[in-house]
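# Residue-level structural notes
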Amino acid sequence: MSQKVKVWDLAVRFFHWSQLLLIAGLWYTGEEGLTAQHQLLAYSLLALVVARLVWGVMGSSTARFSRFAATPAAAVRYLRRPQPVNGHNPASFYMIVLLLSLTLLQLLTGLATFDNSYMSDGPLVSLLPAGWVDVASDIHKININILLAAIAVHIVAALWHSVRVHNVLLVMCSGKDDKAAGAPLQLKNSAWFFLLFAAVLALLYYWQGSKLMALL
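The residue numbering used here restarts from 1 in each chain and proceeds along that chain's sequence as written. Local features in this predicted model are restricted to residues whose pLDDT is 70 or higher, and side-chain atom pairs enter the listing and the counts only when it is 80 or higher, whereas totals over whole chains, interfaces and linings include all residues. Calculation of side-chain values draws on the structure's entire complement of heavy atoms; hydrogens and water are dropped beforehand.

### Notes on the overall build of the protein chain
Rule in force here: Only DSSP runs of H or I with at least four residues qualify as helices, and only runs of E with at least two residues qualify as strands; both kinds are numbered from the N terminus onward. Here the globule rule is a power law, 2.2 Å times the number of residues to the power 0.38, and the radius of gyration is based on C-alpha atoms. Relative accessibility under 20% of the residue-type maximum defines a buried residue, over 50% an exposed one, and the middle range a partly exposed one, all with a 1.4 Å probe and only protein chains included. The criterion used for residue contact is that any of the two residues' heavy atoms lie within 4.5 Å. The accessible surface values rely on the Shrake-Rupley method and a 1.4 Å probe; as for residues, cover is taken only from the protein chains in view. Note on charges: Lys and Arg go in the positive column, Asp and Glu in the negative column, and His and the chain ends are not counted at all. Charged side chains are reduced to one point each, which is NZ for Lys, CZ for Arg, CG for Asp and CD for Glu.
Each helix and strand counted, the protein chain has eight helices and two strands in total. Order of helices (α) and strands (β) in the protein chain, N terminus to C terminus: β-α-α-α-α-α-α-α-β-α. In summary, the protein chain has a C-alpha radius of gyration of 19 Å against a globular reference of 17 Å for 216 residues, a match within 12%. Considering only C-alpha atoms, the protein chain reaches an extent of 60 × 35 × 25 Å along its principal axes. Out of the 216 residues in the protein chain, the part that is buried amounts to 42%. Long-range contacts, defined here as pairs at least 24 residues apart, represent 75% of the contacts in the protein chain between residues at least 6 apart. Approximately 12100 Å² of the protein chain is accessible, and the part contributed by carbon and sulfur atoms is 68%. Taken as two groups, the 15 positive and 9 negative side-chain charges of the protein chain have centres that lie 20 Å from each other.

Quick look at the structure:
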């Protein structure tokens, strides 16, 4: 029996599953017009994404974007002949970039979104020209559908890969893998990730949290 090796640190696993839950919550609260809850979840997700971007530069080896960045040709070659790897595979790099980009776009446009069905607008609405607010509001409404479609593709691909090639879902839950091979891994203490996440979240809640909590 192969010995299991720690592949994912707690920071990456926490980000992965928390992002999924927060986006689901944002979709629900947006559909139901739960303004305060929607914005509080949005600030939580923004803090989480900021922490992940920093961790992608300074974190564990498998968390760093530079480690699994790949050329389009490498991604295509991997899709033609997928195999277990320790960490993200070359094709997943492009899905991660897409999901992070769409998520950031959704969050940033949400800060400048005006919607008559909501009790309050985004915090930047009063600071921006009306034309910019209209554009941000339109993008915010359209981009959520693109983001959800990308997430659906990601889930289907992960399920297929887990059944046919390598159980990446189980690995993302446990953090350990017995199939992957490659360069030695350097996993860092995830406490730094959580400290950064907490600091950014505290700043965002200090900025807008008290106003939103009053609407609950």
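### Focus: the packing of helix α2 (residues 35-58) against helix α8 (residues 191-213)
Test applied: All axes here are fitted lines through C-alpha atoms, helices being fitted over the stretch that makes contact, and every angle between N-to-C directions spans 0 to 180 degrees. An angle counts as roughly parallel when it lies under 35 degrees, as roughly antiparallel when it exceeds 145, as roughly perpendicular when it falls between 65 and 115, and as oblique in every other case. For any helix crossing, the convention is left-handed if the near helix is rotated counterclockwise from the far helix by under a right angle, and right-handed if that rotation is clockwise. Classification used: nonpolar for Ala, Val, Leu, Ile, Met, Phe, Trp, Tyr, Cys and Pro, charged for Asp, Glu, Lys and Arg, polar for all others including Gly.
Closest axis-to-axis distance for the α2/α8 pair is 8 Å, and the angle between their directions is 155°. Between α2 and α8, the angle falls in the class roughly antiparallel. Between α2 and α8 lies a crossing whose hand is right-handed. Partitioning the contact of α2 with α8 into residue classes produces 21 nonpolar, four polar and one charged.

### Topic: a nonpolar patch on the surface
Cut-off, in case you're wondering: Only residues whose relative accessible area exceeds 30% and that form no salt bridge enter a patch; like-charged residues are grouped when within 9 Å of one another, and nonpolar side chains (Val, Leu, Ile, Met, Phe, Trp, Tyr) when within 5 Å. The term salt bridge refers to a pairing of a side-chain nitrogen on Lys or Arg with a carboxyl oxygen on Asp or Glu at a separation within 4 Å.
A cluster of nonpolar side chains, L20, I155 and L159, forms an exposed patch at the surface whose accessible area comes to about 240 Å². In this structure, I155 sits in helix α6 (residues 130-164).

### Brief notes about the packing of aromatic side chains
Operational definition: In summary, the pairing rule links any two rings of Phe, Tyr or Trp, Trp by its six-membered ring, whose centres are within 6.5 Å, and it sorts them by plane angle into stacked for under 30 degrees, edge-to-face for over 60 and tilted for everything else. We call a charge positioned above a ring when the Lys NZ or Arg CZ atom is no farther than 6 Å from the ring centre and deviates by at most 35 degrees from the ring normal.
The tally for this structure, following the rule as stated, stands at eight aromatic pairs. Judged by centre distance (5.0 Å) and plane angle (65°), the rings of F14 and F194 are edge-to-face. Residue F14 is found in helix α1 (residues 10-32), and its partner F194 is found in helix α8; the two are separated by 180 residues along the sequence. Of the residues examined, F194 reaches a relative accessible area of 25% and is grouped as partly exposed. Feature note: the residues F14, W55, F193, F194 and F197 constitute an aromatic cluster, connected by ring pairs. The aromatic ring of F15 is capped on one face by R52, whose charged end is 5.9 Å from the ring centroid.

### Observations regarding the side chain of S190
Along the polypeptide, S190 turns up in the loop between β2 (176-177) and α8. The residues touching S190, leaving out its near neighbours within four places in the chain, are D9, L10, A11 and W55.

### Observations concerning the environment of S190
Judged by relative accessible area, S190 falls into the buried class, the value being 8%. Placed 176 residues apart in sequence, S190 and F14 show a C-alpha to C-alpha distance of 9.8 Å.

### Some points on α1
Threshold: To estimate the expected span of a helix, subtract one from its residue number and multiply by 1.5 Å. Any N or O atom pair separated by 3.5 Å or less is treated as a polar contact, with the protein-specific requirement of one donor-capable and one acceptor-capable atom, and with residues adjacent in sequence counted only for side-chain atom pairs.
Helix length check: α1 (23 residues) gives 32 Å between terminal C-alpha atoms against 33 Å at 1.5 Å per residue, within 8%. Looking at the buried positions of α1, the neighbouring elements they touch are β1 (5-6), α2, α5 (90-110), α6, α7 (168-174) and α8. Put simply, D9 is the residue that caps the front of α1, since its side-chain oxygen is 3.2 Å from the backbone nitrogen of A11. Once α1 finishes, G33 follows within two positions and takes phi at roughly 70°, a positive value.

### Here we look at the environment of I96
Its place among the elements puts I96 in helix α5. In this structure, the C-alpha to C-alpha distance between I96 and N143, residues 47 residues apart in sequence, is 16 Å. The contacts of I96, once residues within four sequence positions are left out, are F68 and H88.

### Re the nonpolar core
Put simply, the test is: Residues belong to one nonpolar core when they are buried, are Ala, Val, Leu, Ile, Met, Phe, Trp, Tyr or Cys, and are joined through side-chain atoms within 4.5 Å.
Membership of the largest hydrophobic core comes to 41 residues, with the highest contact counts inside it found for L45, L48, L147 and F193. Elements with a minimum of two residues in this core: α1, α2, α5, α6, α7 and α8. Among the elements that make up this core, the one with the highest residue count is α2 (eleven residues). With near-sequence residues (within four places) excluded, L45 lies in contact with Q19, L22, I23, L26, T103 and L107.

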